[in-house]
Amino acid sequence: MSVEHYQSTYIQQQFADRIGGANYGKDTNIYKFEKIKRAKAAAKLAHPDVELIDMGVGEPDEMADAGVVAKLAEEAAKPENRGYADNGIPEFKEAAAKYLKEVFSVDGIDAATEVLHTIGTKPALAMLPSVFINPGDVTIMTVPGYPVMGTHTKYLGGEVYNVPLTKENHFLPDLDSIPEDIARRAKLLYLNYPNNPTGAAATPEFFAKVVAWAKKYSVVVVHDAPYAALTFDGVKPLSFLSVPGAKDVGVELHSLSKSYNMTGWRIGFIAGNPLIVKAFGDVKDNNDSGQFIAIQKAAAYGLANPQITEAIAAKYSRRHDLLVGALNELGFKAEKPKGSFFLYVEAPKGIKGGQRFESGEAFSQYLIREKLISTVPWDDAGRFVRFSVTFIAKGEAEELRVIDEIKRRLSDVEFEF
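Computed from a predicted structure; not experimentally measured.

A. Spatial organisation of the packing of aromatic side chains. All told, the structure shown has 22 aromatic pairs when counted by the stated rule. For the ring pair Y227 and F342, a centre distance of 5.6 Å and an interplane angle of 65° mean the geometry is edge-to-face. Taken together, the positions of Y227 in the loop between β6 (220–224) and α9 (246–249) and F342 in strand β9 (residues 342–346) put the pair 115 residues apart, joining distant regions of the chain. Since its relative accessible area comes to 3%, Y227 is described here as buried. Ring geometry for Y344 and F384: centres 4.2 Å apart, planes at 5°, overall stacked. With Y344 in strand β9 and F384 in strand β13 (residues 384–388), this residue pair connects regions lying 40 residues apart in the sequence. Look at Y344 and you get buried, because its relative accessible area is 8%. By relative accessible area, F384 is classed as buried at 5%.

B. Examining the sheet that holds strand β2 (residues 115–118) more closely. Pairing within the open sheet is mixed, and its seven strands lie in the order β2-β8-β7-β6-β5-β3-β4. The strands lining the two open edges of the sheet, one partner per strand, are β2 and β4 (159–164). Recorded for the sheet is a direction-independent mean angle of 20° between the axes of neighbouring strands. Relative to strand β8 (residues 268–272), strand β7 (residues 250–255) runs antiparallel, the two sharing five bridges. If you follow L253 over to β8, its bridge partner there is I270. The strands touched by helix α4 (residues 90–104) within the sheet are β2, β7 and β8, with β8 carrying the most contacts at an inclination of about 70°. The strands touched by helix α11 (residues 274–285) are β2, β6, β7 and β8; relative to β2, the strand with the most contacts, the crossing angle is about 35°.

C. Quick peek at the nonpolar core. One finds M262, F269, L303, F363 and F387 to be the most contacted residues of the largest nonpolar core, which totals 70 residues. Sequence-distant contacts of F363, defined by excluding residues within four places in its chain, comprise F332, A347, P348, F357, V385 and F415. Of all hydrophobic cores here, the second largest spans 40 residues; its members include A39, L189, V211 and Y344.

D. Representation of empty space enclosed by the protein in the model. By the definition in use, this model includes one cavity of 30 Å³ or more. Of the volumes computed, that of the largest cavity is approximately 40 Å³. Lining the largest cavity, in full, are Y99, F104, A225, P226, A228, A229, H254, S255, L256, S259 and L303. At the level of secondary structure, the elements contributing two or more residues to the lining of the largest cavity comprise α4, β7 and α10 (256–259). The residue inventory of the lining of the largest cavity, partitioned by class, reads eight nonpolar, three polar and no charged.

E. Quick peek at the packing of helix α5 (residues 121–132) against helix α6 (residues 148–155). Orientation of α5 relative to α6, taken along the N-to-C sense of each, is 30°, at an axis distance of 8 Å. Viewed along their axes, α5 and α6 adopt a mutual orientation that is roughly parallel. Note on packing geometry: the crossing formed by α5 with α6 is right-handed. Here α5 contributes K122, L125, A126, L128 and P129 to the contact with α6, which in turn contributes V148, M149, H152 and T153. By residue class, the composition of the contact of α5 with α6 is six nonpolar, two polar and one charged.

Calculation notes
- Residues numbered from 1 in each chain as written.
- Predicted model: local features only at pLDDT ≥ 70, side-chain atom pairs only at ≥ 80, totals over all residues.
- Heavy atoms only, no water.
- Phe/Tyr/Trp six-rings, centres within 6.5 Å; stacked < 30°, edge-to-face > 60°.
- Helix = DSSP H or I, 4+ residues; strand = E, 2+ residues; numbered from the N terminus.
- Buried < 20%, exposed > 50% of the residue type's maximum accessible area, 1.4 Å probe, protein only.
- Pairing = 2+ DSSP bridges.
- Axes fitted to C-alpha atoms, helices over the stretch in contact; angles between N-to-C directions.
- Contact = heavy atoms within 4.5 Å.
- Core = buried A, V, L, I, M, F, W, Y, C linked by side-chain atoms within 4.5 Å.
- 1 Å grid on protein atoms, 1.4 Å probe; cavity = no way out; pocket = protein on both sides within 12 Å on 5 of 7 lines; lining within 4 Å.
- Points joined across faces, edges and corners; volume = space filled by probe spheres on them.
- Nonpolar A, V, L, I, M, F, W, Y, C, P; charged D, E, K, R; others polar.
- Parallel < 35°, antiparallel > 145°, perpendicular 65-115°, else oblique.
- Left-handed = near helix turned anticlockwise from the far one by under 90°.

The following block contains the structure:
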């Protein structure tokens, strides 16, 4: 039977309002990533002999470290690891606490009470509103950004207040711009540094201000830190938990997806305030039965070997240098980020003597359809596109070839900024 048939049945009337109610499935809007997907397909069809260079991918381009993979195989073969993990194993929690100390200089994390594993950080962001949000409560989010915690806040009857990340403020949220009534109703403040999509890094001074602001308004801080160890050019990895008072007001989420090329492994951890961690654990216990113990043990091996991340960061740093140089030769004002694999670039206004770009999305669509270069547009706070240096390239010579090809394709027009 057709979808249309089922839409006419009583099932269509039963959907929750949070996902569209009786109109679920009838929305004709095409969302950003679907537009990108369709444009890529159309470009490949129109130019079957031209390589599509995908600079929009938000995940690593390489396999996990061979030592991590070997550890997984070893542990997966042990019968004692076959069962439910529930809220995790002590070995992984201890590795996470030690990792925070060694890489981020975070002292005093109690592995038993202040750390829990998560099946990646996305589920953790989805569950945290269930710990705190009642109808009418506010979660403060940053835009552009990763919306999951805000989505679940709305599911629970809460409200989302968005703070723009602007170039003028170094892509940090202006906490002083948040209205007093919003601040007093807020339960949660979401931060993410190094930031997706801007690549911006926080500072100890900014985090200290966050702690003071959170204490003033009794707000819980959730710092999403999947890129925290991917820093460059002598910039030391910075944890929110390294700032005095941070553990009094919040938690930090770490993931091995980006820093260890373990995206599909779905493993990370939450650390910080013990009462928040305990409450999160209660909610988590009603959502999942834990990640496969062998994966936790392989991840513990990875956390004990942070040089794996350092090598990955060096590769991204090298690729950023190449991409920034190429774009700036073409007239862009690209600035190498201090961390992450994202390069956030202001879109041109148009092409000299040719078409205009009214938005980041218009420019991104032009790049895909006309130049077969895929990026991700962001128009939440200005007209920007996000390049990712996780493009497919085996070795430095291939990296240089890809960047030179981008430069060649864009050199036949003159952009206006």
